Amino acid sequence: MSALIASTVHRGKSGRRTHLTIAVAGNPNAGKSTLTNAIAGSRLSVGNWPGVTVEKKSATFDFQGRKITLVDLPGTYSLSPYTQEEVVARDYLVHEKPDVIINVVDATNLERNLYFTLQLLELNIPLVMALNMHDEAAQKGFRIDIDKMALMLGSAVIPTVATKGEGIGRLMETAVAFADASETQRPAVVSYGEDIEKAVAAVAEQLKDHADVVSGHLPLRWMALKMIEGDARAIEHYQTEAYAALTEKAAHHLRSAHGEDLEALLADVRYGLAAGLTRETLRKPEKRKRELTERIDAVVLNRYAGIPIFFVAMWLMFKLTFDIAGPFTDWLDGVVAGPLPRWAAALLVAISAPDWIVSLVTEGIIAGVGSVLVFLPPIFAMMFFITLLEASGYLARAAFVMDRLMSAIGLHGKSFIPLLLGFGCNVPAIYATRTLENPRDKALTALLIPLMSCGARLPVYVVFTAAFFSAYAVTVLWSLYLLGIVLAVLVGFLFKKTLFRGEAPVFIMELPPYRIPTAKNLMIHTWEKGKHYLMKAGTWILAISVFVWFGLNLPWGVEAKKESYLGKTGQIIAPVFAPLGFGTWEAASSLLTGVVAKEIVVATMGEVYVPEAEEKQEASPSFGEDVRDIALSFGCAFVDAAKNVFSTFGVATMSPHEDEETAGLKSVLAKTFTPLSAYAFMAFVLLYLPCFIVLVAMRHEFGSWKWAGVTIVYQTVLAWMVAFVIYQGGRLVGL
Amino acid sequence: MTLADLKTGQSGKILKISVSGALKRRLMDMGVVPGTDVRVEKVAPLGDPIEVRIKSYALSLRRGEARHIEVEGTHSS
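Sequence order sets the numbering: in each chain, residues are counted from 1 along the sequence as written. Chain labels run from A onward and ligand labels from 1 onward, assigned in the order the entries are written. At least 70 in pLDDT is required for a residue's local features to be given in this predicted model, at least 80 for side-chain atom pairs to be given and counted, and no such filter applies to totals for whole chains, interfaces and linings, which use all residues.

## A word on the overall build of chain B
Our working definition: Going along the chain from the N terminus, every DSSP run of H or I of four or more residues is numbered as a helix, and every run of E of two or more is numbered as a strand. Throughout, the radius of gyration refers to the C-alpha atoms, and the reference size of a globule is 2.2 Å times the residue count to the power 0.38. Here exposure depends only on C-beta density: within 10 Å of a residue's C-beta, 20 or more other C-beta atoms make it buried, 12 or fewer make it exposed, and intermediate numbers make it partly exposed, the C-beta atoms being placed from the backbone.
A count of helices and strands for chain B gives two helices and five strands. Along chain B, from the amino end to the carboxyl end, the secondary structure elements read β-α-β-β-β-α-β. Taken against the 2.2 N^0.38 rule, which gives 11 Å for 77 residues, the C-alpha radius of gyration of chain B at 11 Å falls within 12% of a compact globule. For the C-alpha atoms alone, the extent of chain B along its principal axes is close to 30 × 25 × 20 Å. Every one of the 77 residues in chain B was classed for burial, and the buried ones make up 48%.

## Quick notes on the overall build of chain A
We count it as follows: It is the C-beta atoms, placed from the backbone, that decide contacts: two residues are in contact if theirs lie within 7 Å.
Looking only at helices and strands, chain A has 32 helices and 10 strands in total. In terms of overall dimensions, chain A is globule-like: its C-alpha atoms have a radius of gyration of 30 Å, near the 27 Å expected for 735 residues. Burial statistics for chain A: of 735 residues in total, 47% are counted as buried. For chain A, restricting intrachain contacts to residue pairs at least 6 apart in sequence, the fraction spanning at least 24 positions comes to 75%.

## Focus: the sheet that holds strand E5 (residues 100–106) of chain A
All names here are of chain A. Quick note on the threshold: In this description, strands pair whenever DSSP reports at least two bridges between them. For helices, the fitted axis covers only the stretch in contact; all axes are lines through C-alpha atoms, and the angles between them, taken along N-to-C directions, range from 0 to 180 degrees.
Reading across the sheet, the seven strands line up as E2-E3-E4-E1-E5-E6-E8 and stay open at both edges, with mixed pairing between neighbours. Where the open sheet ends on each side, the last strands, each with one partner, are strand E2 (45–48) and strand E8 (156–159). This sheet shows a mean twist of 25° between the axes of neighbouring strands, independent of strand direction. Pairing of strand E3 (residues 55–63) with strand E4 (residues 66–72) involves seven bridges; the strand directions are antiparallel. Within the sheet, the bridge partner assigned to Phe63 lies in E4 and is Arg66. Each of strand E1 (19–26), E3, E4, E5 and strand E6 (127–132) touches helix H1 (residues 32–40); the most contacted strand, E4, lies at about 160° to it. This element, helix H5 (residues 146–153), spans E6 and E8 of the sheet and lies at about 150° to E8.

## What about the interface of chain B and chain A?
Under the convention used in this document: Side-chain classes are defined by residue name, with Ala, Val, Leu, Ile, Met, Phe, Trp, Tyr, Cys and Pro counting as nonpolar, Asp, Glu, Lys and Arg as charged, and the others, Gly among them, as polar.
In this assembly, 30 residues from chain B lie in contact with 28 residues from chain A. The biggest single contributor to the side of chain B that touches chain A is helix H1 (residues 22–29) of chain B, with eight residues. Among the residues forming the side of chain B that touches chain A, the class breakdown is 15 nonpolar, five polar and 10 charged. One ladder, built from two bridges, connects strand E10 (residues 509–510) of chain A with strand E4 (residues 57–61) of chain B; its direction is antiparallel. If you follow Glu510 of chain A over to E4 of chain B, its bridge partner there is Leu59 of chain B.

## Things to note about H1 of chain A
All names here are of chain A. Burial of H1 is extensive: nine of the nine residues sit out of reach of the surface. Taken together, the buried positions of H1 are Lys32, Ser33, Thr34, Leu35, Thr36, Asn37, Ala38, Ile39 and Ala40. Within two residues after H1, Gly41 carries a phi angle of roughly 50°, on the positive side.

## Considerations on unusual backbone geometry
For residues besides glycine, phi is generally negative; the peptide bonds are generally trans as well. Residue and element names in this part refer to chain B. Following Asp48, the chain continues into Pro49 via a peptide bond in cis, with omega recorded as -5°. Despite not being glycine, Lys55 has its phi angle at roughly 45°, a positive value. Looking at where Lys55 falls in the secondary structure, it is placed in the loop between strand E3 (50–54) and E4. The class of Lys55 is buried, set by 21 C-beta atoms lying within 10 Å.

## Thoughts on the domain arrangement of chain A
Residues and elements named next belong to chain A. To keep it simple, the criterion reads: Domains are outlined according to an automatic or database domain assignment.
One can read the domain layout of chain A as domain 1 (2–180) and domain 2 (194–258). The centre of domain 1, based on its C-alpha atoms, is set 26 Å off from the matching centre of domain 2. Taken together, the six residues of domain 1 in the interface contact eight residues of domain 2. Residue composition of the side of domain 1 that touches domain 2, grouped by class: four nonpolar, one polar and one charged.

## Concerning the packing of helix H17 (residues 376–392) of chain A against helix H24 (residues 519–553) of chain A
In a packed pair of helices, the relevant descriptors are the angle between the two axes and the axis-to-axis distance. All names here are of chain A. Applicable threshold: Our angle categories are set so that under 35 degrees counts as roughly parallel, over 145 as roughly antiparallel, 65 to 115 as roughly perpendicular, and the remainder as oblique. For a crossing to be left-handed, the near helix must be turned anticlockwise from the far one by less than a right angle; the clockwise case is right-handed.
Where H17 contacts H24, the two axes come as close as 9 Å, and the packing angle between them is 140°. By the angle between their directions, the pair H17 and H24 is classed as oblique. H24 is crossed by H17, and the crossing has right-handed handedness. Of H24, the residues touching H17 (which contributes Leu376, Ile379, Phe380, Met383, Phe384, Thr387, Leu388 and Ala391) are Asn521, Leu522, His525, Thr526, Lys529, Gly530, Tyr533 and Leu534. Its residues assigned to classes, the contact of H17 with H24 shows 10 nonpolar, five polar and one charged.

## Some remarks on the packing of helix H21 (residues 439–448) of chain A against helix H32 (residues 706–732) of chain A
Residues and elements named next belong to chain A. For the pair H21 and H32, interaxial distance at closest approach is 10 Å and the crossing angle is 35°. Here H21 and H32 pass one another in a crossing that is right-handed. Between H21 and H32, the residues in contact are Ala443, Ala446 and Leu447 and Trp707, Val710 and Thr711, respectively. Residue composition of the contact of H21 with H32, grouped by class: five nonpolar, one polar and no charged.

## Some points on H17 of chain A
Residue and element names in this part refer to chain A. Rules: Here, expected helix span is obtained from the residue count minus one, scaled by 1.5 Å.
The first and last C-alpha atoms of H17 sit 24 Å apart over 17 residues, in line with the 24 Å expected at 1.5 Å per residue. Counted residue by residue, H17 has 15 buried out of 17 residues, so it is predominantly covered. Following H17 by one or two positions, Gly393 adopts a phi angle in the positive range, close to 105°.

## Topic: the confidence of the model for chain B
The condition is simple: By definition, pLDDT measures how confident the predictor is in each residue, and it falls between 0 and 100.
Of the residues in chain B, 96% have a pLDDT of 70 or more, and the chain-wide mean is 92. Scoring the predicted complex yields pTM 0.87 and, for the interface, ipTM 0.96.

## Quick look at the pairing of E1 of chain A
As a general feature of sheets, a regular strand has side chains that alternate between the two faces. Residues and elements named next belong to chain A. With six of eight residues buried, E1 is to be regarded as a mostly interior element. With six bridges connecting them, E1 and E4 associate as parallel partners. When the sheet's bridge partners are listed, Val24 is paired in E4 with Asp72. Across five bridges, E1 lies against E5 in parallel orientation. The residue of E5 that forms the bridge with Ala23 is Ile101.

## Notes on the pairing of strand E2 (residues 37–43) of chain B
Residues and elements named next belong to chain B. Across three bridges, strand E1 (residues 10–17) lies against E2 in antiparallel orientation. Along E2, the bridge assignment pairs Ser11 with Arg39. In this sheet, E3 lies alongside E2 in antiparallel orientation, the contact comprising five bridges. Bridging from a neighbouring strand, Arg39 pairs with Arg53 of E3. If you look at the hairpin formed by E2 and E3, you'll find six residues sitting between the two strands, and Gly47 has a positive phi there, around 95°.

## Re the environment of Val161 of chain A
All names here are of chain A. Its location among the elements puts Val161 in the loop between E8 and helix H6 (168–180). Remark: the alpha-carbon pair of Val161 and Leu718, spanning 557 residues in sequence, is separated by 52 Å. Each residue touching Val161, except ones within four places of it in the same chain, is listed here: Met133, His134, Asp135, Glu166 and Gly167.

## Some details on the confidence of the model for chain A
Overall, the predicted model of chain A reaches an average pLDDT of 87, with 93% of residues at or above 70. Low pLDDT (under 50) marks residues 1–14 of chain A, which in the prediction has 25 contacts with non-local residues, meaning those over four places away or in another chain.

## A closer look at the environment of Asp99 of chain A
Residues and elements named next belong to chain A. Mapping Asp99 onto the fold places it in the loop between helix H2 (84–96) and E5. Classification of Asp99 by C-beta neighbours within 10 Å gives buried; the count is 22. For the pair Asp99 and Ala181, spaced 82 residues apart in sequence, the C-alpha separation works out to 9.2 Å. Ignoring sequence-local partners within four residues, the contact set of Asp99 consists of Leu20, Thr21, Ile22, Ala179 and Ser182.

Printed below as a string of structure tokens:
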């Protein structure tokens, strides 16, 4: 096997550079993100790779007096041209040319990890291997000959245990030393066998005068291999079509000897080499012990127990996410609705600001900030539990258990969790689609999430069921949730046949060993998502809130809501709702404001139907009392969240409770709605476009307005059609 | 015979992948290459997908995907 190493290469002159770039690459589940966190910790910043929905994590920090930029590449099994993650990783490596690659390898799963390492070596970038989970491998009785491995790869191999921070210091020192010597410290050129090497040499000989190769931008051996593999993406991107004829000659020879599929031939050869390397460097105990993971899976994936366990796990996750977040959301809501605008108003009045400024600040800006903040607790909680599920290994099992059901409507097993979270709140649910790798699965899941009836729609149902269906309120409530689910199935099926026509993405997925996630990892992921949401989505949400405020309050000074822009727009669009049974400007205006948040439909109805009930002056508490209340209620939120965790019964977000303020509204509604039109109205509220926060979250998560646009259109059409069928159908049968 | 025909607990050796393009590359990237031993460990509670052990790790795939993997049965245990 020592013949594997041909040579390390060329070019002189090494100087200490002041800024080094380190790329971290490796298989999923190899502990790459834990290792990156161990190196960079809270200095990591999260964004998206340009043009794709793949998350990009990077950090710039000082190390031994130098500036280091660490770029965490997406976890991939290969550098094939077929998935977004792989293309992102290889484009980065080829175009940005990091000074050194840290290749994170799972020591308990050497062969498949080395297959990826071999592909990294082709890029001719200095490579340092982090042989991670070294402790776990030792525990299994694995003995790995590290020196031999380093020699064969022409790289350094550093044993690490990322979860405990072991080996991280040495890893970084070695990586920096390799980057310093990057001119000489090239990795081994692993021989792919006589036939392939001959072809590579022939293609490389011709490619030598390609401009990008001459300038050193394109790794020669890598490009030659891509041409032989017939990698259309690389060939098009680097404009090497002109060399196709020559490649064809070399490839033809290979094909006649080894069969038609050269891409498969290369994969096969790489695996052969990975197996060889593993044989040479790894000693395993004779008898394989039955591992803990297998013992857990025997129960968790059991034919009979698997599904009940799955549902218990999901129920717990849902409950904990929203029960923990709930009290904090209420607390934020309280602060933003009460003391904050009061203080601001007092301040603005003191400096004699005009009324409209006071209103803009208190009802527009502060309320806008409020609508950004209230989603922070559920996003934090969701991210915490999703990371927990993912890092522990259960998420893959959940997908395994649910895939059959979800694939029937063209979804992936992993789609279940975001959809479930949607019943609590659609916003964190949209963010939860990040666990889906394939862009098609991700988009389709996100499109169906708004059909899951979120907690904010419940107040609308509660008022209407109390007014019209008090005798069978629970049945009516359930029927609405069910309506959403049934329509999600139908719409999913329809989208599968239209917007997402074509081959369903593959399911092929590793079931990683169960592992205990580290607290640090959980904290970092949770914090990052929240921070990112605030910075990226927050500005949009705030801007739209202020815009909506203008709509509600202009022209300035109108007393009657009917004369405001909102009321006027309501009058204009009201006829559209006439065939649905609620063609009044009041209903239309309420629906318009529901775009801010669906529970606002009720608040607006309260204002437009019973304006006299609105003014309820309370004595303003003093500043000191306010501050004490805020602190006190924050303490209460903590206690409530803790209580919720321990209380076994009742899902807080779904318990229908009636506001005393809406009591007056009920009697007015009874006059303008019939039971039939009330039901049509509730169905419409369930289905019409989601609140704009969801749309902003979609924009944020997908990097474009495309899917948010599709959602707006399809849901509006769907809501109208369903309400139409309910109302007109009901009238036909004489309801 | 294909991988989808193996029952839980049965092992086989991979002969070839009878599909091309992205699916084939993906399978090969995950270690499904000719000559490799594979063993069906579990079937999901609803009958699909299946879990196999290959190159000493656990891989799950749908039956529809497993049907593209030709195997020769070795022994069962």
